[in-house]
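The lines below spell out each chain.
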Amino acid sequence: MSNEPIFSPLLHFGSGLPLESLENVRDNLSAIVLDGDHLWLGGDEGTAIHRMTRDATGNFSGHTSFELKDILGLPGKVEDEIDIEGLDVDGGYLWLVGSHSAKRKKPDTGKDLEDNLKRLRKIELEGNRLTLARVPLGKAATPVRSHGGLSAARLVGDTKSNLLTDALMSDCHLGRFVPRVKTKGGVEGIPSKDNGLDVEGLAVMGDRVFLGLRGPVLRGWATIIELKVKEDDKGVLALETLASSGKPYLKHLLQLDGLSVRELAFNGNDLLVLSGPSMDLDGPVFIYRWKNALHQQADSMTWKDELTKVVTVPFGLSKDHAEGLSIVTADPLSVMVCYDSPATSRISGNSVKVDVFAISSLP
């Protein structure tokens, strides 16, 4: 099992970025996907997607940002973030998913006890987080509304819910964790970091979409939701009802030693699962292989002796939180991991280091 990276490429961000904008991107990476020489980056802040290009040294530069709110017609306020937590490229589309989570206000060291208790009581749901979408990649790998018969589309929803959360609200295992807006205002349900619903992984193969949940973790079992999507109308994605479940989703439960899902990546029929704590903790962090994940046709439970730990990922105290995962090479297999809140040792001016790990082949 790999423990040390074989290479730590640098991501060079534009030198013209103001410091605040630079830190919002560089220090908040939560999703990556490598498509050829183009590396796509998503983060916790804003409604933009970012692209870099690999150079001859194996590092990445040419940072370019693309605003998504106009392409996708996002339902939330202008200032509402998507909170991009998963990316994939499949069939000419760049796919992305928001966290779908509510958030609890953080205590502030500059506030007194009464104010901080009020902050901890406040739960919010930003509408743009309810995003599952695909965007065509046009010429020169540019996200566009339409290209070659492909069109941008977002799962039906508004600022209160979408087809996914509507379906999960009545689920016997997950329903109580799904945030919902009360008729008289306010949000109920369980927020992220409290083991509430929190989508943090995405892997796509054709019309099959796999979503990894950071929360909830159920008695030590992590959850991956499988969807079958269809384009209902131009710009609109819908969910098909699956015969084996009678619902528009399947539930795959994985025994990840009590950890949750942070990101997903397909390797043939197998699914690589980046795992970490569900709550606001630092580690441990592993990559597991779930063999023959694509062969699943119904709800499933996969015990830990059916999963293989293939990488132990480093983590720090309040830093180096592994969030993004992407295949780099298929043979031999290697993967890239990016980090939220990177350690200062990873940062050099406008650049930040990510890690590439080798994964041994399995019979």
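Because the structure is predicted, anything quoted here is derived from the model rather than measured.

(A) Quick peek at the overall build of the protein. When helices and strands are tallied, the protein shows 4 helices and 30 strands. Since a compact globule built from 363 residues should have a radius of gyration of about 21 Å, the 19 Å found for the protein is in line with a globular shape. Seen through its principal axes, the protein has C-alpha atoms that stretch 55 × 50 × 45 Å. The burial tally for the protein puts 53% of its 363 residues in the buried class. In the protein, of all internal contacts separated by at least 6 residues, the share reaching a separation of at least 24 is 58%. Counting 41 positive and 50 negative side-chain charges, the protein places the centres of these two groups 4 Å from one another.

(B) Spatial organisation of the pairing of strand β16 (residues 198-205). With 7 of 8 residues buried, β16 is to be regarded as a mostly interior element. Bridge analysis of β16 against strand β17 (residues 208-215) gives 7 bridges, and the strand direction is antiparallel. Paired with Ala203 across the bridge in β17 is Phe210. Linkage of β16 to β17, two consecutive antiparallel strands, is achieved through a turn of 2 residues, within which Gly206 is found at a positive phi near 65 degrees.

(C) Layout of the pattern of salt bridges. This model, assessed by the stated rule, comprises 23 salt bridges. For the salt bridge of Lys228 with Asp207, the shortest nitrogen-to-oxygen distance reads 3.9 Å. Placement of Lys228 in strand β18 (residues 221-233) and of Asp207 in the loop between β16 and β17 is noted, with a sequence separation of 21 residues between them. Residue classification places Lys228 among the partly exposed residues on the basis of a relative accessible area of 30%. One salt bridge in this structure joins Asp320 and Arg346, with 3.0 Å as the shortest N-O distance. Note that Asp320 is positioned in the loop between β25 (307-312) and β26 (321-330) and Arg346 in the loop between β27 (333-340) and β28 (347-348), a separation of 26 residues in sequence. The pair Asp320 / Arg346 is uniform in exposure class, with both members buried. Overlapping salt bridges bring together Glu81, Asp83 and Arg129 as one network.

(D) How the structure looks around the side chain of Asn116. Examined against the element boundaries, Asn116 turns out to sit in helix α3 (residues 113-121). For Asn116, the side chain forms a polar contact with the main-chain nitrogen of Asp108, separated by 2.7 Å.

(E) Just the sheet that holds β25, in detail. Pairing in this open sheet of 4 strands is antiparallel, and the strands run β21-β22-β23-β25 from one edge to the other. Strand pairing shows two members of the sheet lacking a second neighbour, β21 (260-267) and β25, which therefore form its edges. Ignoring strand direction, the axes of neighbouring strands in this sheet form an average angle of 25 degrees. Taken together, the 7 bridges between β21 and strand β22 (residues 270-276) define a ladder with antiparallel strand orientation. In the sheet register, Asn267 faces β22, and the bridge partner there is Asp270.

(F) Inspection of the sheet that holds β27 at higher detail. As summarised here, the arrangement of the 3 strands in space is β26-β27-β30, forming an open sheet in which the pairing is antiparallel. The strands lining the two open edges of the sheet, one partner per strand, are β26 and β30 (355-358). Strand-to-strand twist in this sheet, taken as the mean axis angle between neighbours without regard to direction, amounts to 30 degrees. Looking at chain direction, β26 and β27 are connected through 8 bridges and run antiparallel. Counted as the bridge partner of Ile327 is Val335 from β27.

(G) Region of the structure containing helix α1 (residues 19-26). For α1, the complete set of buried residues consists of Leu22, Val25 and Arg26. One side of α1 carries all its buried residues, which in axial view fall inside an arc of 85 degrees. Residues of α1 that are buried make contact with β2 (29-35), β4 (48-54), β28 and β29 (351-353).

Conventions adopted
- Residues numbered from 1 in each chain as written.
- Predicted model: local features only at pLDDT ≥ 70, side-chain atom pairs only at ≥ 80, totals over all residues.
- Heavy atoms only, no water.
- Helix = DSSP H or I, 4+ residues; strand = E, 2+ residues; numbered from the N terminus.
- Rg over C-alpha atoms; globule rule 2.2 N^0.38 Å.
- Buried < 20%, exposed > 50% of the residue type's maximum accessible area, 1.4 Å probe, protein only.
- Contact = heavy atoms within 4.5 Å.
- Lys, Arg positive; Asp, Glu negative; His and termini not counted.
- Charge placed at Lys NZ, Arg CZ, Asp CG, Glu CD.
- Pairing = 2+ DSSP bridges.
- Salt bridge = Lys/Arg side-chain N within 4 Å of Asp/Glu carboxyl O.
- Polar contact = N/O pair within 3.5 Å; in protein donor to acceptor, adjacent residues only side chain to side chain.
- Axes fitted to C-alpha atoms, helices over the stretch in contact; angles between N-to-C directions.
- Arc of directions from axis to C-beta.

None of this, on its own, says anything about what the molecule does.
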